[in-house]
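What follows is the residue order along each chain.
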Amino acid sequence: MKIPRTIEELGDIAGKKVLVRLDLNVPIKDGKVFDDFRILKSLPTVSYLKERGAKLILISHIGEDPGETLAPVAEYLGIKLLPADPKKSEVKDGINNLKNGEAVLLENLRQNVGEILNDQGFAKDLADLADIYVDDAFAVMHRNHASIISLPKLLPSYIGFLVTDEIKNLSQAFNPAHPFLFIIGGAKFSTKIGLVKKFIDIADKIFVGGALSNTVFKYLGLPVGISLVESKTLDLNFIKDNPKIILPTDVNAVSNGVPTTKKPSEVLPSDNMLDIGPETLAILEEEISKAKFILWNGPIGNYEKGFSGMTEELARLVAQSDATSIVGGGDTIASIKNLNLLDKFTFVSSGGGAMLDFLANGTLPGIESLR
């Protein structure tokens, strides 16, 4: 795909006010930034613009509750936090007082309902603060929000290094080296069925794990006990008897509080399948050893219930392989980061839903709005 204009195409921006949409939606614990992965991914763009003398107005959202604050992020970055309302005099004064190469951060965008409603008035109020717009928030570029969709149309607009890297690296999956192994996990098959359908014609093998495999087992008429399955009725006939699809041959389950490993056909009504078993991991190890390109999204065990072991073992295997490896998804990245393996993969995507939508559609609403 043709990449929108990048910040490297900017001319002289010394003294220019640049509005930069970042994804600073990071975990906060005891009032402090707990995981700085997304912040660190944003810093190259921020540093590049500051070094060229721009006056930066950073904007982002945080959390699901509009009342949540970006104050810990501002403290982490060592910059001033201004109110979320762009019309407030405090915001305009704070921006006007910026020196070249300095930055401020506006409070959580979602404190204004106009952000989620893609309100044109709110977008214009934001645009009035700056001369240039830069989008470097790949993880939310699938959202129909004011700062993503409407704002780029009101100012000269560019993408930052993070978004550029995401587009270039994820696009490799459309014309990959072979053998191509696609590993997909997580909980809801309804959010990933389009992706599996698309890549069933591109990938050589697709491993379906996590609760996604529970849903497939149910569709195939196998017992699933009390395991998590998709609530929606899905047509998964394209998976049945398809030689490209790999399903777990053994599972780690819990029955009345007792962990056990068994074949999917042996699952009892009281069993809860929460991870893959060692036999399945061995199958994956063999496929990884043959692969030249690996795309992985989503954990293969129930991360929230403490079943991260096989996901971590999988991360080690992929990290040690010679294949080009692209991974993404919140829980997947958490596992990789816990193992200090982030730099062992070819590319680690900052997007969850955005990564899935980009792979399924080849673009995102936020990318199209920049054209």
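Keep in mind it's a predicted model, so treat the numbers as computed, not measured.

Asks: Help me understand the sheet that holds strand β9 (residues 180-184), please; the structure alone is not making it clear to me.
Replies: Spatial ordering of the open sheet is given by β11-β10-β9-β15-β16-β17, a layout of six strands whose pairing is parallel. Looking at which strands have only one partner, the edges of the open sheet turn out to be β11 (245-246) and β17 (347-348). Pairing between strand β10 (residues 205-208) and β11: two bridges, direction parallel. Residue Ile 206 lies in a different strand from β11, and its bridge partner there is Ile 245.

Asks: Could you clarify how one ought to interpret the packing of aromatic side chains in this entry?
Replies: Tallied over the full model, the rule gives six aromatic pairs. Seen in terms of ring centroids, Phe 174 and Phe 358 are 5.9 Å apart; in terms of plane orientation they differ by 35°. Their pairing is tilted. Taken as a pair, Phe 174 in the loop between α7 (161-170) and β9 and Phe 358 in helix α13 (residues 353-361) lie far apart in primary sequence, 184 residues in all. On the accessibility criterion, Phe 358 (0% relative accessible area) is buried. In textbook terms, an aromatic cluster arises when at least three aromatic residues are bridged by ring pairs, as seen for Phe 180, Phe 182, Phe 199 and Phe 293. When the ring centre of Tyr 158 is taken as origin, the NZ or CZ atom of Arg 5, which lies over that ring, is 4.3 Å away. In this arrangement the basic side chain of Arg 52 is found over the ring face of Tyr 48, its NZ or CZ atom lying 3.6 Å from the centre.

Asks: Please explain the nonpolar core as it appears in this structure.
Replies: One recurring pattern in soluble globular proteins: nonpolar side chains tend to sit buried together. With 65 residues, the main nonpolar core has Phe 138, Phe 182, Phe 189, Phe 199, Ile 206, Val 208 and Leu 295 as its most contacted residues. Residue contributions to this core peak at five residues, all from α13. Discounting residues that sit within four places of it in the chain, Ile 206 has contacts with Phe 182, Ile 184, Val 196, Phe 199, Ile 200, Lys 244, Ile 245 and Ile 246. Formed by 27 residues, the second largest nonpolar core is a distinct cluster that contains Leu 317, Val 318, Ala 319 and Leu 339.

Asks: So what exactly am I meant to see when it comes to the environment of Ser 369 here?
Replies: Its location among the elements puts Ser 369 in the segment after α14 (365-368). Taking relative accessible area as the criterion, Ser 369 reaches 9% and is therefore assigned buried. On a C-alpha basis, the gap between Ser 369 and Leu 106 in space is 22 Å, while along the polypeptide they are 263 residues apart. The contacts of Ser 369, once residues within four sequence positions are left out, are Ile 148, Ile 149, Pro 152 and Lys 153. In this structure the side chain of Ser 369 is engaged in a polar contact, spanning 2.8 Å, whose partner is the backbone oxygen of Gly 366.

Asks: What exactly am I supposed to notice about the pairing of strand β7 (residues 132-136) here?
Replies: Each regular strand shows side chains that alternate between the opposite faces of the sheet. Burial analysis of β7 places five of its five residues in the buried class, which makes it a mostly covered element. Side chains Ile 132, Val 134 and Asp 136 project from β7 onto one buried face, and the interleaved Tyr 133 and Asp 135 project onto a second face that is buried too. Alignment of strand β1 (residues 17-22) against β7, held across five bridges, turns out to be parallel. Counterpart to Val 18 in the pairing with β7 is Ile 132.

Asks: Please explain the side chain of Thr 280 as it appears in this structure.
Replies: If you trace the backbone, Thr 280 turns up in helix α10 (residues 278-290). Separated by 2.9 Å, the side chain of Thr 280 and the backbone nitrogen of Thr 249 make a polar contact. Residues within four places of Thr 280 in sequence aside, it is in contact with Phe 207, Pro 248, Thr 249 and Asp 250.

Asks: Any chance you could explain the packing of α10 against helix α11 (residues 309-320) here in plain terms?
Replies: Axes are the key here: two packed helices are described by the angle between their axes and the distance separating the axes. As a packed pair, α10 and α11 sit with axes 10 Å apart at the nearest point and diverge in direction by 20°. Overall, the two elements α10 and α11 adopt an arrangement that is roughly parallel. With respect to the hand of their crossing, α10 and α11 are arranged in right-handed fashion. Residues Pro 278, Leu 281, Leu 284, Glu 285 and Ile 288 of α10 form the contact with α11, whose participating residues are Met 310, Glu 313, Leu 314, Leu 317 and Val 318. Among the residues forming the contact of α10 with α11, the class breakdown is eight nonpolar, no polar and two charged.

Asks: Looking at this model, I keep getting lost on the environment of Tyr 219. Mind explaining?
Replies: You can see Tyr 219 is positioned in helix α9 (residues 211-219). Along the backbone, Tyr 219 and Asn 237 are 18 residues apart, and their C-alpha atoms lie at a distance of 8.5 Å. In this structure Tyr 219 touches Leu 234, Asp 235, Leu 236 and Asn 237, once residues within four positions along its chain are discounted. Of note is the side chain of Tyr 219, whose polar atom sits 3.2 Å from the backbone nitrogen of Asn 237.

Asks: Explanation requested: the sheet that holds strand β13 (residues 258-262) in the structure shown.
Replies: Backbone hydrogen bonds hold the strands of a sheet together, and the pairing may be parallel or antiparallel. Spatially, β13-β12-β14 is the arrangement adopted by the three strands of the open sheet, whose pairing is antiparallel. This sheet does not close on itself; its edge strands, each paired only once, are β13 and β14 (271-276). In this sheet, neighbouring strand axes are inclined to one another by 30° on average, regardless of whether the strands run parallel or antiparallel. Summarising the sheet, strand β12 (residues 251-255) and β13 pair through five bridges and their orientation is antiparallel. Its bridge partner lying in β13, Asn 252 is registered against Thr 261.

Asks: Looking at this structure, how should I read the environment of Leu 24?
Replies: Within the fold, Leu 24 resides in the loop between β1 and β2 (28-29). Residue Leu 24 is classed as buried on the basis of its relative accessible area, which comes to 1%. For Leu 24 and Ile 62, which are 38 residues apart along the polypeptide, the C-alpha to C-alpha distance reads 6.6 Å. When near neighbours in sequence (up to four residues on either side) are disregarded, Leu 24 contacts Ile 39, Ser 42, Ser 60, His 61, Ile 62, Leu 70, Val 73 and Leu 105.

Conventions and cut-offs
- Residues numbered from 1 in each chain as written.
- Predicted model: local features only at pLDDT ≥ 70, side-chain atom pairs only at ≥ 80, totals over all residues.
- Heavy atoms only, no water.
- Pairing = 2+ DSSP bridges.
- Helix = DSSP H or I, 4+ residues; strand = E, 2+ residues; numbered from the N terminus.
- Phe/Tyr/Trp six-rings, centres within 6.5 Å; stacked < 30°, edge-to-face > 60°.
- Buried < 20%, exposed > 50% of the residue type's maximum accessible area, 1.4 Å probe, protein only.
- Lys NZ or Arg CZ within 6 Å of the ring centre and 35° of its normal.
- Core = buried A, V, L, I, M, F, W, Y, C linked by side-chain atoms within 4.5 Å.
- Contact = heavy atoms within 4.5 Å.
- Polar contact = N/O pair within 3.5 Å; in protein donor to acceptor, adjacent residues only side chain to side chain.
- Axes fitted to C-alpha atoms, helices over the stretch in contact; angles between N-to-C directions.
- Parallel < 35°, antiparallel > 145°, perpendicular 65-115°, else oblique.
- Left-handed = near helix turned anticlockwise from the far one by under 90°.
- Nonpolar A, V, L, I, M, F, W, Y, C, P; charged D, E, K, R; others polar.

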